[in-house]
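Coordinate analysis (summary)
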Amino acid sequence: MYKILEKTQFSEKVFEFRVEAPEMAKHAHAGQFLMVRANETGERVPFTFADWNAEEGWVEFIFMVVGKTTEMLSKYEAGDEIEDLTGPLGQPTDMSGKGAWCVIGGGVGLAIAYPVARQLVATGHEVHAIMGARTKDLLLLEEQFRSLLPEDHIHITTDDGSYGEKGVVTAPLERLLQAKAVDQVFCVGPVPMMKFSSLTAEKYGTPITASLNPIMVDGTGMCGCCRVEVGGETKFACVDGPDFDATKVDWNDLRARQAAYRTEEGQALKAYEEANCACQR
Amino acid sequence: MPEVNGRWIADMKAPRTPDNEEPAAERAHDFRPVDKGFTEEMAVAEAARCMRCKKPLCVQGCPVNINIPAFIEKIYEHKFGEGLDIIHEQSMLPAICGRVCPQETQCEGKCIRGVKSQPVAIGQLERFLGDQPELASKPKLAPKNGKKVAVIGSGPSGITCAGELARNGFDVTVFEAFFTGGGVLVYGIPEFRLPKTVVKREIDGLKELGVKFQFNSVMGNLANSEELLGEKGFDAIYVATGAGLPKLLNIPGENLPNVFFANEYLTRVNLMKANKFPQYDTPTKHGKHVVVFGGGNVAMDSVRTALRLGADEVTLCYRRTEAEMPARRAEVLHAKAEGVKIHELVSPLEFIAGEDGAVCAVKVQDMKLGEPDASGRRRPVPIEGAVEEIPCDVAISAIGTNANPFAKKIGGMELNKWGYIVADEETGRTSNPKIWAGGDIVTGAATVILAMGAGKKAAADMTKVLLGKDE
Ligand SMILES: Cc1cc2nc3c(=O)[nH]c(=O)nc-3n(C[C@H](O)[C@H](O)[C@H](O)COP(=O)(O)OP(=O)(O)OC[C@H]3O[C@@H](n4cnc5c(N)ncnc54)[C@H](O)[C@@H]3O)c2cc1C
Ligand SMILES: Cc1cc2nc3c(=O)[nH]c(=O)nc-3n(C[C@H](O)[C@H](O)[C@H](O)COP(=O)(O)OP(=O)(O)OC[C@H]3O[C@@H](n4cnc5c(N)ncnc54)[C@H](O)[C@@H]3O)c2cc1C
Ligand code: SF4
Ligand code: SF4
Ligand code: FES
């Protein structure tokens, strides 16, 4: 059992948990993830480390409510316990690339982008952040990014123009690339966002890595559920990734595999909501 | 009356006692155990068939050389506890090995009675005893010796080693990546073949011996060998992480939705209980026509699981013929009795996507048997131009595994070029004097009994070395 020490709500659907996990905290690196099994009947689902503290013995992850497990987790409060927490899993993000970096996070991907940006800053890199969200209320971790980076290194876009610049992350990316302001790009978010970021970076010959999020079961390279096609080869995202050269990723394949359980996921959520609906009690 | 004037005369007339099975038509639709095991009466009758050979060939056939005639004799005498004690000298997991060993190529394959009649049902007899663990003598526990050992992995190899070491007075901690113990015994082999209560009993027994379990601990990403032996203060490590990554077919369409590796398909059901979705949250695909590639135990478990998930048609495709299948004979027979169709001499070429983007058919190449290969089995060769298409909505590949990538991350010991740990067969010693290893991560995917045996041998050697009794 893993105790939730703190719960923070960022927006209607986005939460952060700080969980007691001393051994994990000692070994976590930016870009790695953990797997949660909320309770005895729960599914194993991956979340990226948002932060960790080896001295105090905790790890943090940020999640967006999208289905049954995340809905259920959102009801957990500080003091409650999560049945199982496994990690760190996956390879840390490779930050050896020289020069200035552009870190792009879309939606809940910002939770994954933030620790990468923080680590890059800590290791002496110049970092630009492009923060994308559908609308202002869904923009995560703005304060954290602002305290990390200079004002002119933060680029915000919203699809509906409710905040920052109207549009998608590729517009500021294109400007940065045109101005030769960045030498490396890291992106994480929805598949279309990563795909178009990748095409943009490729146009300028700038290396770009993407943190991929296929469905996982064990997260330890045993089952093969998380396979992705990169450069014509099959890779296991949980042990070979989750970061890959974005220009080589087969995005259609990733999207199809992510969507493989849509029907069942809908069923699970519906059953859960019916069982927990206030009007039924 | 097998005993005449104090001399043992085996019951030569009695046919082999048939297995005590649930009817195929009923059992194929749920996860109940297929084989109920012998009753006392059946066990004693079967024991009477053993000739108590002076030079028992069956013992040579058993990879850990269990004294088979001796425990069978105890069954005949109704001294079940003593029989169990005899098995325990060589094997700690009779309830499991009795169920899953490929007996027809091991103990029973060598049994002399198999020449003219049918071999003695050694596996069933072993299981009969193994299922009554309460009858065994309490193990002698050595006093605590103050040494700490880390065991990585809780499959049959890890738990056997942990148990032996605990009995020898060591302070043992088992680190397991999953949230529960047992390795392949819980996530791979299905309930209908090996009830999870049997595995749990073994794990609980170890806890009673004082073995500590740290679940959710992926070693290598958490502490590596250096940290375990340094900061964490362990005196030695036994690495038993099992096999790892599924082998790829490397054909087009392999990554389409609803094309599974057997490990995923089986894990979803066995470990995550996807058969009980949505009561349990993990879903799986209930195909109507399921095609499985492979001919081993993993393939058999997959086809039989597919039936139990409600498939109308399940086809097992194998490159060679049924005679060459490496699976336990009983599993092949069970699968067939339950309605699995076997399609021999085909090899997959391509998975084809349907309108919804998921797999809807698989293109296969017809094969014929050619010259024998290095393993002595006739090599399948393609028949030019003979290609057919099999419709399916779920396809499963069960063609084996590669090395577990965490062996490298645990580090500190030599690996071979495929990533398996180099360890001495007799002692389990690796290139690092403080690390021992055994099971599938040393041998490649093998059997429960070999993994168990390796754990036992390593524990004996570790005891000798760590307590300073080495040469
Ligand atoms: C390496 C990795 C890191 C991730 N990091 C984060 C993070 O930091 N914050 C965050 O909010 N989300 C993250 N995700 C996504 C997160 O795992 C899913 O949102 C979550 O599993 C949804 O579960 P659910 O039951 O609520 O939704 P469901 O209704 O079950 O599914 C909704 C969607 O989530 C995805 N999903 C479902 N089950 C799984 C699974 N077992 N493994 C992976 N994806 C699944 C599928 O694409 C699915 O369509 C990450 C995913 C991966 C692979
Ligand atoms: C579906 C299936 C059916 C089979 N049927 C039979 C059969 O009928 N008869 C037979 O004899 N054999 C059978 N086998 C083979 C047999 O199960 C294996 O040979 C045996 O389990 C190997 O034991 P092991 O202890 O080496 O490894 P495993 O059983 O694989 O256990 C390894 C354990 O280590 C854990 N682990 C891995 N990496 C780490 C890490 N980094 N840190 C911590 N823990 C880790 C794993 O989670 C796992 O629990 C079957 C295998 C499968 C997959
Ligand atoms: S351990 Fe396996 S091979 Fe040995 S006697 Fe028992 S069933 Fe036969
Ligand atoms: S070979 Fe067969 S008959 Fe002889 S001792 Fe072994 S089990 Fe009995
Ligand atoms: S999630 Fe199972 S291999 Fe990656």
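Anyway, here's the lowdown on the structure attached to this text. Quick caveat, the model's predicted, so the values are computed rather than measured.

Examining the nonpolar core
Ranked by internal contacts, the top residues of the largest apolar core, which has 114 residues, are I68, F71, I75 and M462 of chain B. The greatest single-element share of this core, amounting to seven residues, is contributed by helix α19 (residues 448–466) of chain B. In this structure, F15, A38, V116 and V188 of chain A belong to the second largest nonpolar core, which totals 54 residues.

Concerning the sheet that holds strand β5 (residues 212–214) of chain B
Residue and element names in this part refer to chain B. The sheet built from five strands is open, its strands ordered β5-β4-β3-β6-β15 with parallel pairing. Of all strands in the sheet, those bounded by a partner on one side alone are β5 and β15 (435–437). On average, adjacent strands in this sheet sit at an angle of 20° to one another, irrespective of strand direction. Pairing between strand β4 (residues 171–175) and β5: three bridges, direction parallel. The residue bridging T173 from the neighbouring strand is K212, located in β5. Packed on one face of the sheet, α19 meets β3 (148–152), β6 (236–239) and β15 and runs near 170° to β6.

Re the pairing of β6 of chain B
Residue and element names in this part refer to chain B. Side chains of β6 alternate between two faces, with A236 and Y238 and I237 and V239 buried alike. Bridging between β3 and β6 involves four bridges; their strand directions are parallel. Paired with V151 across the bridge in β6 is Y238.

With respect to the packing of aromatic side chains
Under the criterion given, the structure shown has 18 aromatic pairs over all chains. On the basis of an interplanar angle of 65° and a centroid distance of 6.0 Å, the ring pair of F49 of chain A and W52 of chain A is categorised as edge-to-face. For W52 of chain A, a relative accessible area of 18% corresponds to the buried category. Measuring from centroid to centroid gives 5.9 Å for F175 of chain B and F234 of chain B, while their planes differ by 80°, and the two rings are edge-to-face. With F175 of chain B in strand β4 and F234 of chain B in the loop between α13 (225–229) and β6, the pair connects residues that are 59 residues apart, well separated along the chain. Ring pairs connect the aromatic residues F15, F17, F47, F61 and F63 of chain A, which therefore count as one cluster. Across from the ring centre of F192 of chain B, 3.9 Å away, lies the NZ or CZ of R308 of chain B, which sits over that ring.

Let's talk about the environment of E265 of chain A
Assignment of secondary structure puts E265 of chain A in helix α9 (residues 262–276). For E265 of chain A, a relative accessible area of 34% translates into the label partly exposed.

Regarding empty space enclosed by the protein
Gaps left between atoms show up when a probe the size of a water molecule is rolled over them. With the rule as written, the count across this model stands at three cavities of 30 Å³ or more. Approximately 100 Å³ is the volume found for the largest cavity. Considered class by class, the residues forming the lining of the largest cavity number seven nonpolar, one polar and two charged. Its volume calculated, the second largest cavity comes out at about 90 Å³. Broken down by class, the residue content of the lining of the second largest cavity amounts to eight nonpolar, four polar and one charged.

About the cut-offs
- Every chain's residues receive numbers from 1 upward, in the order its sequence appears when written.
- The lettering of chains begins at A and the numbering of ligands begins at 1, in the order of writing.
- For a predicted model such as this one, the threshold for reporting local features is a pLDDT of at least 70, and the threshold for listing and counting side-chain atom pairs is 80 or more; totals across whole chains, interfaces and linings nevertheless cover every residue.
- Each side-chain value is worked out from all heavy atoms of the structure, with water and hydrogens disregarded.
- Here, nonpolar core means buried Ala, Val, Leu, Ile, Met, Phe, Trp, Tyr and Cys residues that are tied together by side-chain atoms lying within 4.5 Å of each other.
- Relative accessibility thresholds used throughout: buried, under 20% of the residue-type maximum; exposed, over 50%; partly exposed, between the two (1.4 Å probe, protein chains only).
- Secondary structure counts use DSSP, requiring at least four H or I residues in a row for a helix and at least two E residues in a row for a strand, with both numbered from the N terminus.
- Pairing between two strands is assigned when DSSP locates at least 2 bridges connecting them.
- Lines fitted to C-alpha atoms define the axes, with helix axes restricted to the stretch in contact, and inter-axis angles between N-to-C directions lie between 0 and 180 degrees.
- In what follows, a contact means two residues having at least one pair of non-hydrogen atoms within 4.5 Å.
- When two rings of Phe, Tyr or Trp (its six-membered ring) have centres within 6.5 Å they constitute a pair, described as stacked for plane angles under 30 degrees, edge-to-face for angles over 60, and tilted for the intermediate range.
- For a lysine, the NZ atom is tested; for an arginine, the CZ atom; a charge sits over a ring if that atom is within 6 Å of the ring centre and within 35 degrees of the ring normal.
- Only protein atoms enter the 1 Å grid used here. Points where a 1.4 Å probe fits but cannot escape make up a cavity, open sets with protein on both sides within 12 Å along at least five of seven lines make up a pocket, and a residue lines them when an atom lies within 4 Å of a point.
- Grid points are joined across faces, edges and corners, and a volume is the space filled by probe spheres set on the points.
- Each residue receives one of three labels: charged for Asp, Glu, Lys and Arg, nonpolar for Ala, Val, Leu, Ile, Met, Phe, Trp, Tyr, Cys and Pro, and polar for the others, Gly being one of them.

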